[in-house]
Amino acid sequence: MICFNKHSINSPRYLLSILLLLPLLGCQQTKLVFTDEQAPVTPTFNLLEGAPQLHRVKPELNSGTESWAPQVHPLTTDFTLHLFPPSPSELNYVELVLINSDQPFNNIDILNTALNERAIWLASQHPISCIESLRIRAGMHSISIKMACPAEELPQSLSILNDSWQDSAFEHVDIDNVRRKLKLNKHINAYSGAEIDKVWANIILGNKHPYNQALNNLVLQDELSLSRLSKLQREMRAGARWHLFMSLPANHRVSDLAQSNILTQEFLIEEAKRLAKLLTRSSPVAAKDGHAGREDAAALVKVAQATDTAAESFINTDKIIYLIDAPGAVQTQVRVGYRLPLSASSSGSNSDTMKNDFSSSHPLSCQLLADWLGRSFSGRLYYDLREKRGLTYGIYGRCFDNPQSRTLKYYGSTQLQHTGAFVAGILAHLQLTTEQEVTSAELMALKTYEKSKYTLTMQSQYSSKIQYIKQLTLKRSSQDLANIQIQIKELTGKQLMQMSQSIFDSPPYILLRGDADKISGDLKDKLPDWHIEKVEP
């Protein structure tokens, strides 16, 4: 205990000490000063003075797809072989893909976790050299298992892919560890703020949408067993189709006679036929179950066409800012976007949609508007809100084009004091695209970006196959993808404005995650026409 006598208390030195300690005795709070709104600024694309003149290579855009599209060999009604060009490494990139375009795979998150756990076990047990190349890639409508193996190990790799879909696939998997990983992912998402994307999906699609019903089955995750896992795998096969990807043999002579049969196209086709028979013969799904699965899928397609056809059904008329309250958060996560119709006609035909004018139902409208405003450094939102004003570390746009939904989303994060200015800035840019035609230089920059993205995608076996799977899932051909590049090449500024007007003339959906007590007042001041509605994660 510290004691002071009367004289020391009255001394000037003591009083000075008390004054210096006062700031430490209480909790200081700095009042937030919120950032003002500003008019949107668009990027300029001027030639640099004194820059070296580079020789521009302008290859003719090939409307065909011979340079990268595979040879297609339908082996059965449910099994198709796709032979891709030879790999530069001379490894054979083998990939078995299960696709169901008509309905999403229920509980694909659970199966994906289990298959990855199986891959870890195989890596420690299987003797072939390429076992560590085993990878699983899962989506709502497709799941692929792939390996990159030398020619002599091709039969063994196909055997591993086949075994992955048998009832006994998970007998060596630690099911308790699968359950733990699923629960851990849930906690990680809540802690990291990734829960906002789950809420976003419920808002923009509705909680009854098949995509939102297919994931995060907490009851099944808690009660997961090997038998439930095998049943889940069997259910996924009903109504789905198999696609096997392999690399064509390199065009050179083979000195090793033992490998001469392996390195031929005929051998690859025979191996694929053998795999097709194994998957069909060992399929636990009875023929009547498969037929019933296809009937259910057809019914779902009709429902989707009835609800996703008319563009009017997706026009948002309410100006609502949905807010996930995160007390103590030091930043605000922002999602702004639209749900778009899948087709413009009652037929719901993909081919018809691809030929339509650039309305809200055209897939290219979604792609170009995502890239025009949200393509990072040269996109309008990044240039203005990041480079010019410093309101964010990054803001991006993305088109989510799926068989049963198409959504356009702009996303980023900002500091609390920038929240109102950041959201208002996004809305101002959306409105500007409907009122002011793009300059020729900016349009050319967008076309260059799209062409470069397409070229880079097709030059990589990895990315081109991801794109190819997406085309199969959407029931679009490789020619459709090439035709889109021609449409981009011929795009005019007036057509780009037509796209933006067909979508941005209505208010977007807005979802924020941040400290409601600190940011609500700023939002009301800058966006007085918008109503704030709190939602639970």
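Refer to the preceding data block for the structure.
Definitions and limits used
- Residues numbered from 1 in each chain as written.
- Predicted model: local features only at pLDDT ≥ 70, side-chain atom pairs only at ≥ 80, totals over all residues.
- Heavy atoms only, no water.
- Pairing = 2+ DSSP bridges.
- Helix = DSSP H or I, 4+ residues; strand = E, 2+ residues; numbered from the N terminus.
- Axes fitted to C-alpha atoms, helices over the stretch in contact; angles between N-to-C directions.
- Parallel < 35°, antiparallel > 145°, perpendicular 65-115°, else oblique.
- Left-handed = near helix turned anticlockwise from the far one by under 90°.
- Contact = heavy atoms within 4.5 Å.
- Disulfide = S-S within 2.5 Å.
- Core = buried A, V, L, I, M, F, W, Y, C linked by side-chain atoms within 4.5 Å.
- Buried < 20%, exposed > 50% of the residue type's maximum accessible area, 1.4 Å probe, protein only.
- Phe/Tyr/Trp six-rings, centres within 6.5 Å; stacked < 30°, edge-to-face > 60°.
- Lys NZ or Arg CZ within 6 Å of the ring centre and 35° of its normal.
- Nonpolar A, V, L, I, M, F, W, Y, C, P; charged D, E, K, R; others polar.
- Expected span 1.5 Å × (residues − 1).
- Polar contact = N/O pair within 3.5 Å; in protein donor to acceptor, adjacent residues only side chain to side chain.

**Q** Even after reading the chapter, I still don't get the sheet that holds strand β3 (residues 92-99), so can you show me in this structure?
**A** Remark on secondary structure: sheet strands pair via backbone hydrogen bonds, oriented parallel or antiparallel. Spatially, six strands are ordered β1-β2-β6-β3-β5-β4 in an open sheet, and the strand pairing comes out mixed. In the strand order of this sheet, the two ends are held by β1 (71-76) and β4 (135-138), each with one partner. Each neighbouring strand pair of the sheet contributes to a mean axis angle of 20°, computed without reference to strand direction. Sheet analysis places β3 next to strand β6 (residues 241-247), joined by five bridges and oriented antiparallel.

**Q** Looking at this structure, how should I read the packing of helix α16 (residues 440-459) against helix α18 (residues 478-489)?
**A** Axes are the key here: two packed helices are described by the angle between their axes and the distance separating the axes. The interhelical angle for the contact between α16 and α18, taken along N-to-C directions, is 160°, at an axis separation of 10 Å. What the angle tells us is that α16 and α18 run roughly antiparallel. Between α16 and α18 the crossing geometry is left-handed. On the side of α16, the interface is formed by Lys-447, Glu-450, Tyr-454 and Met-458, while α18 contributes Leu-481, Ala-482, Gln-485, Ile-488 and Lys-489.

**Q** It is not clear to me how the state of the cysteines should be interpreted in this structure. Could you clarify?
**A** Linking two cysteines covalently via their sulfur atoms produces the bond known as a disulfide. According to the stated counting rule, one finds two disulfides in the structure shown. With its sulfur 2.0 Å from that of its partner, Cys-130 forms a disulfide with Cys-149. Taking the sign of the S-S torsion, 80° for the link of Cys-130 and Cys-149, the bridge is right-handed. Residue Cys-130 is located in the loop between α3 (108-125) and β4, and its partner Cys-149 is located in strand β5 (residues 142-149); the two are separated by 19 residues in the primary sequence.

**Q** Would you mind showing me how to read the nonpolar core here?
**A** Side chains of nonpolar character tend, in soluble globular proteins, to be buried together. Residues Leu-244 and Met-246 are the most contacted members of the largest nonpolar core, which totals 66 residues. Setting aside anything within four residues of it in sequence, one finds Leu-244 in contact with Phe-79, Thr-80, Leu-81, His-82, Val-94, Glu-95, Leu-96, Leu-158, Ala-272 and Leu-275. Of all hydrophobic cores here, the second largest spans 46 residues; its members include Leu-381, Leu-385, Ile-426 and Ile-488.

**Q** I would appreciate a short explanation of the environment of Gln-331 in the present structure.
**A** Inspection of the secondary structure puts Gln-331 in strand β8 (residues 331-340). Here Gln-331 falls in the partly exposed class, since its relative accessible area comes to 40%. With 182 residues separating them along the chain, Gln-331 and Arg-513 place their C-alpha atoms 8.4 Å apart. Those residues in contact with Gln-331 that sit more than four places away from it in its chain are Ser-413, Thr-414, Gln-415, Leu-416, Arg-513 and Gly-514.

**Q** Looking at this model, I keep getting lost on the packing of aromatic side chains. Mind explaining?
**A** Within a pair of aromatic rings, the relevant descriptors are the distance that separates the centres and the angle that separates the planes. According to the stated counting rule, one finds eight aromatic pairs in the structure shown. The interplanar angle of 80° and the centroid separation of 5.3 Å between the aromatic rings of Trp-165 and Trp-242 together place this pair among those described as edge-to-face. Residue Trp-165 is located in the loop between α4 (154-163) and α5 (175-192), and its partner Trp-242 is located in strand β6; the two are separated by 77 residues in the primary sequence. For the residue pair Trp-165 and Trp-242, the accessibility class agrees, reading buried in each case. Through a chain of ring-to-ring contacts, the aromatic side chains of Phe-377, Tyr-382, Tyr-396 and Tyr-411 assemble into a single cluster. Over the face of the ring belonging to Phe-84 we find Lys-465, whose NZ or CZ atom lies 5.0 Å from the ring centre.

**Q** Teacher, can you tell me more about the sheet that holds strand β10 (residues 405-415) here?
**A** Read across the open sheet, the six strands follow the order β9-β10-β8-β11-β7-β12; overall the sheet is mixed. The sheet is open, and its two borders are formed by β9 (395-402) and β12 (531-534), each paired with just one other strand. The mean angle between the axes of side-by-side strands here comes to 25°, regardless of whether they run parallel or antiparallel. Summarising the sheet, β8 and strand β11 (residues 509-514) pair through five bridges and their orientation is antiparallel. In the sheet register, Val-336 faces β11, and the bridge partner there is Ile-510.

**Q** Looking at this structure, I do not really get the pairing of β8. What am I missing?
**A** The two faces of a sheet get side chains in turn, since along a regular strand they alternate between them. Burial within β8 is extensive, with nine of its ten residues counted as buried. Here β8 runs beside β10; their pairing, made up of ten bridges, is antiparallel. Along β10, the bridge assignment pairs Gln-331 with Gln-415.

**Q** Looking at this structure, I do not really get the packing of helix α14 (residues 380-388) against helix α15 (residues 419-435). What am I missing?
**A** Between α14 and α15, the shortest axis-to-axis distance is 11 Å and the interhelical angle comes to 145°. Here α14 and α15 pass one another in a crossing that is right-handed. Side by side, α14 and α15 meet where Arg-380, Leu-381, Asp-384 and Leu-385 of the first sit next to Phe-422, Gly-425, Ile-426, His-429, Leu-432 and Thr-433 of the second. Here the residues of the contact of α14 with α15 are counted per class, giving five nonpolar, three polar and two charged.

**Q** Explanation requested: the environment of Asn-212 in the structure shown.
**A** With respect to the helices and strands, Asn-212 occurs in helix α7 (residues 210-213). On the basis of relative accessible area, Asn-212 is assigned to the buried category, the value being 19%. Spatially, the C-alpha atom of Asn-212 lies 6.7 Å from that of Asn-202, the residues being ten residues apart in sequence. In this structure Asn-212 touches Ala-201, Asn-202, Leu-205, Gly-206 and Asn-207, once residues within four positions along its chain are discounted.

**Q** What is the right way to look at α5 in this model?
**A** Every α-helical turn comprises 3.6 residues, leaving residues that sit three or four positions apart pointing alike. Along its 18 residues, α5 runs 26 Å from first to last C-alpha, staying within 8% of the 26 Å computed at 1.5 Å per residue. Within α5, burial applies to Ile-175, Asn-177, Val-178, Arg-179 and Leu-182. Those residues of α5 that are buried are in contact with α3, α8 (218-222) and α9 (226-237). For α5, the side-chain oxygen to backbone nitrogen distance between the N-cap and Asp-176 is 3.2 Å, and the N-cap itself is Asp-174.

**Q** Would you take a moment to explain unusual backbone geometry for this structure?
**A** Excluding glycine, residues mostly carry a negative phi; peptide bonds, for their part, are mostly trans. Positioned with a positive phi, Ser-376 is a non-glycine residue whose angle comes to about 70°. By the secondary structure assignment, Ser-376 is in the loop between α13 (363-374) and α14. On the basis of relative accessibility, which here comes to 16%, the residue Ser-376 falls in the buried class. Backbone geometry at Lys-475 places phi at a positive 60°, although glycine is not the residue there. For Lys-475, the location among the structural elements is in the loop between α17 (461-473) and α18.

**Q** Please explain the side chain of Asp-371 as it appears in this structure.
**A** Structurally, the position occupied by Asp-371 is in helix α13. Here the side chain of Asp-371 touches Lys-453 through a polar contact of 2.8 Å, side chain to side chain.

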